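One letter stands for each residue in the lines below.
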Amino acid sequence: GRVPRLLIPLKEFPTGFRERPKDFDDNLMVAKVDRWERDGKFAFGTLLKAIGSGTEDLVESATEGILDEYGLDSSEFPDDINSEIPEFQITPQDVADRSQFDFRKK
């Protein structure tokens, strides 16, 4: 199916959006469709979350968007869990050794 353009009230957007909309061109935002008339050109929606700019940290913003899309928790682990993780460091040799398991080109 096709994804409609959404009409979302301006009051739901981040501060400054109304005055400087171009500043938000690269921002990722999560919205939901509230109502979409059968013959309507636009759907009516609600802004759920402004994730951030895709140009600031594309990987972090995209990852947060994917986690949010699938309803996965992206919060930090609690201190009691983090304290159980052993200290480790990945060396260049570790990376070289793991390349033998990269099957993308096979």
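Residues numbered from 1 in each chain as written. Predicted model: local features only at pLDDT ≥ 70, side-chain atom pairs only at ≥ 80, totals over all residues. Heavy atoms only, no water.

(A) Structural detail: the overall build of the chain. When helices and strands are tallied, the chain shows three helices and three strands. Taken from the N to the C terminus, the helices and strands of the chain come in the order β-β-β-α-α-α. Over its C-alpha atoms the chain spans a radius of gyration of 20 Å, topping by over 25% the 13 Å that the globule rule assigns to 106 residues. Dimensions of the chain along its principal axes, counting C-alpha atoms only, are 60 × 40 × 25 Å. Across the 106 residues that make up the chain, the buried fraction comes to 16%. In the chain, the share of contacts with a sequence separation of at least 24, taken over all contacts with a separation of at least 6, comes to 44%. With the model as given, the accessible surface of the chain reaches about 9600 Å², and the carbon-plus-sulfur share is 53%. (Helix = DSSP H or I, 4+ residues; strand = E, 2+ residues; numbered from the N terminus. Rg over C-alpha atoms; globule rule 2.2 N^0.38 Å. Buried < 20%, exposed > 50% of the residue type's maximum accessible area, 1.4 Å probe, protein only. Contact = heavy atoms within 4.5 Å. Areas by Shrake-Rupley, 256 points an atom, 1.4 Å probe, with all protein chains shown as cover.)

(B) Inspection of a nonpolar patch on the surface at higher detail. A cluster of nonpolar residues, Ile85, Phe88, Ile90 and Val95, forms a patch on the protein surface that exposes about 430 Å² of accessible area. Note on Ile90: relative accessible area 53%, which makes it exposed. (Patch = residues over 30% accessible without salt bridge, like charges linked within 9 Å, V, L, I, M, F, W, Y side chains within 5 Å. Salt bridge = Lys/Arg side-chain N within 4 Å of Asp/Glu carboxyl O.)

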